[in-house]
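Examination of the molecular architecture
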Amino acid sequence: MNYLHYTDVNALHSIISKQKIWLTDIRFLNDSQELIKGFEIFEEILKAPITTPLLAHQDHIDISKDYILTLIQEHQLFGSSEDPIFVFSLSQEHDLLSQWRAYGDYAIEFDEEMLSEEFKTLSTCIYEPLAQKQAAVTAITEAIETVSNDFEISRGYTQEQTDSFLCSLLARAALFKHDGFQEEKEARIIIDSFSEAKKIHYRARGNMLIPYIELDISLESIKRIHIGPIANQDLAARSISEFVQRTIDQHNSDYGFTETDIAVVKSPIPFRS
């Protein structure tokens, strides 16, 4: 199933015309408990006795657990501002009224396969407690094995690829969501600052400046533009169709012909926004 990014007309215009998406600093998303739930589950597993066999040097397992636990705790205290995590949110739900109400009058539909190829960190969020526990056990087990083996080889030090892996572990906590958000069926592109040394920009939202980073997106990965239940929907569809076609024509002129075709569809929901 393809993914939808619900948004407003300004962001739609920017994404289509520039072929860039904005990933927002996770601290500034709508869920005030972002990362906290994932970190709590990670910590619970790290503090509990290990019940599964580990492919690791036994002498270093306990110290590896303490090392990872300290890393998580330090990130909660200091790392969120020093090494922020950035997120681009999508939904597997098409034409969901709560999404229209919350995020804007438009939705960009991305091809799931192409998006997964362009962004290896694209993953679906986890809402069910049992599924969260299972995913966390797998992630923490791999982390303990990785750190333990590093400690054995490097005499108590971690290598750069292990540090990168642990940063991705911290970012993976962003996939653990409160089940109150389950109807959104969210998927996320998650970028940690260790793996992506990107310039941080700021945009205004209300009375606040929101940090974000930009990533390139291919025009070919965009399949449809959905127009929500708004007034003058037909007129909006006409202008969006013309804008999209002109953007494709310019793209073909600049980079050579492609078979890019972005359809424009209207929501049938009879809601007066």
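Computed from a predicted structure; not experimentally measured. (Residues numbered from 1 in each chain as written. Predicted model: local features only at pLDDT ≥ 70, side-chain atom pairs only at ≥ 80, totals over all residues. Heavy atoms only, no water.)

**Here's the deal with the pattern of salt bridges**
The following threshold applies: Here, a salt bridge means any Lys or Arg side-chain nitrogen found within 4 Å of an Asp or Glu carboxyl oxygen. Summary of the burial criterion: residues with accessible area below 20% of their type's maximum are buried, those above 50% are exposed, and those between are partly exposed, where the area comes from a 1.4 Å probe applied to protein chains only. Note on conventions: DSSP H or I runs of at least 4 residues are helices, E runs of at least 2 residues are strands, and numbering of each starts at the N terminus.
Inspection of every chain in the model, using the stated rule, returns 10 salt bridges. When the shortest N-O distance is used, the salt bridge between E186 and K177 registers 3.9 Å. Each member of the pair, E186 as well as K177, carries the same accessibility label: buried. Across the pair D234 and K266 runs a salt bridge, and its minimum N-O distance is 2.6 Å. In this pair, D234 sits in helix α8 (residues 233-255) while K266 sits in strand β10 (residues 263-266), placing the two residues 32 residues apart along the sequence.

**Brief notes about the nonpolar core**
Rules: Grouping buried Ala, Val, Leu, Ile, Met, Phe, Trp, Tyr and Cys residues that are joined through side-chain atoms within 4.5 Å yields what is termed a nonpolar core. Two residues qualify as a contact provided that any one of their heavy atoms is within 4.5 Å of a heavy atom in the partner residue.
Core analysis: the biggest nonpolar cluster contains 33 residues, and I21, L23, F110, L115, I189, I222 and I225 have the highest contact counts within it. Among the secondary structure elements, those contributing two or more residues to this core are α1 (9-18), β2 (20-25), β3 (85-91), β4 (106-110), β6 (186-192), β8 (208-216), β9 (222-227) and α8. Those residues within four positions of L23 in sequence are excluded, and the remaining contacts are F86, V87, F88, I189, I191, P211, Y212, I213 and L215. Within the second largest apolar cluster, 32 residues are counted, among which are F39, I61, A143 and V147.

**Focus: a nonpolar patch on the surface**
Threshold: Only residues whose relative accessible area exceeds 30% and that form no salt bridge are eligible for patches; like-charged ones are grouped when within 9 Å, while nonpolar side chains (Val, Leu, Ile, Met, Phe, Trp, Tyr) are grouped when within 5 Å. The accessible surface values rely on the Shrake-Rupley method and a 1.4 Å probe; as for residues, cover is taken only from the protein chains in view.
Residues I200, Y202 and L209 make up a contiguous nonpolar surface patch of roughly 320 Å² in combined accessible area. Its place among the elements puts Y202 in strand β7 (residues 201-205). The class for Y202 is exposed, based on a relative accessible area of 54%.

**Here's the deal with the packing of aromatic side chains**
Heads up, the rule is: Aromatic pairs are defined between Phe, Tyr and Trp rings, using the six-membered ring for Trp, whenever the two ring centres lie within 6.5 Å; interplanar angles under 30 degrees are classed as stacked, those over 60 as edge-to-face, and all others as tilted.
All chains considered together, the criterion is met by five aromatic pairs. Plain terms: the ring middles of Y67 and F151 are 5.5 Å apart, the flat faces sit at 85 degrees to each other, and that makes the pair edge-to-face. With Y67 in helix α3 (residues 61-82) and F151 in helix α6 (residues 129-154), this residue pair connects regions lying 84 residues apart in the sequence. The buried category is assigned to F151, whose relative accessible area is 5%. Relative to F110, the ring of F88 lies with its centre 6.3 Å away and its plane at 80 degrees, an arrangement referred to as edge-to-face. Of this pair, F88 sits in strand β3 while F110 sits in strand β4; the two residues are 22 residues apart in sequence, bridging distant segments of the chain.

**Some details on the packing of helix α2 (residues 36-47) against α6**
For clarity, the cut-off: Note on method: axes are straight lines fitted to C-alpha atoms, helices fitted across the in-contact stretch only, with angles between N-to-C directions ranging 0 to 180 degrees. Any angle from 65 to 115 degrees is called roughly perpendicular, while one under 35 is roughly parallel, one over 145 is roughly antiparallel, and all others are oblique. Crossings are classed by handedness, with left-handed meaning an anticlockwise turn of the near helix from the far one by less than a right angle and right-handed meaning a clockwise turn. Under the scheme applied here, ten amino acids are nonpolar (Ala, Val, Leu, Ile, Met, Phe, Trp, Tyr, Cys and Pro), four are charged (Asp, Glu, Lys and Arg), and all others, including Gly, are polar.
For the pair α2 and α6, interaxial distance at closest approach is 9 Å and the crossing angle is 60 degrees. In this view, α2 runs oblique relative to α6, as classed from their interaxial angle. Considering only the axes of α2 and α6, their crossing is right-handed. Within the contact between the two elements, α2 uses K37, I41, F42, E44, I45 and L46 and α6 uses Q132, K133, A136, V137, I140 and I144. Per-class residue counts for the contact of α2 with α6 are eight nonpolar, one polar and three charged.

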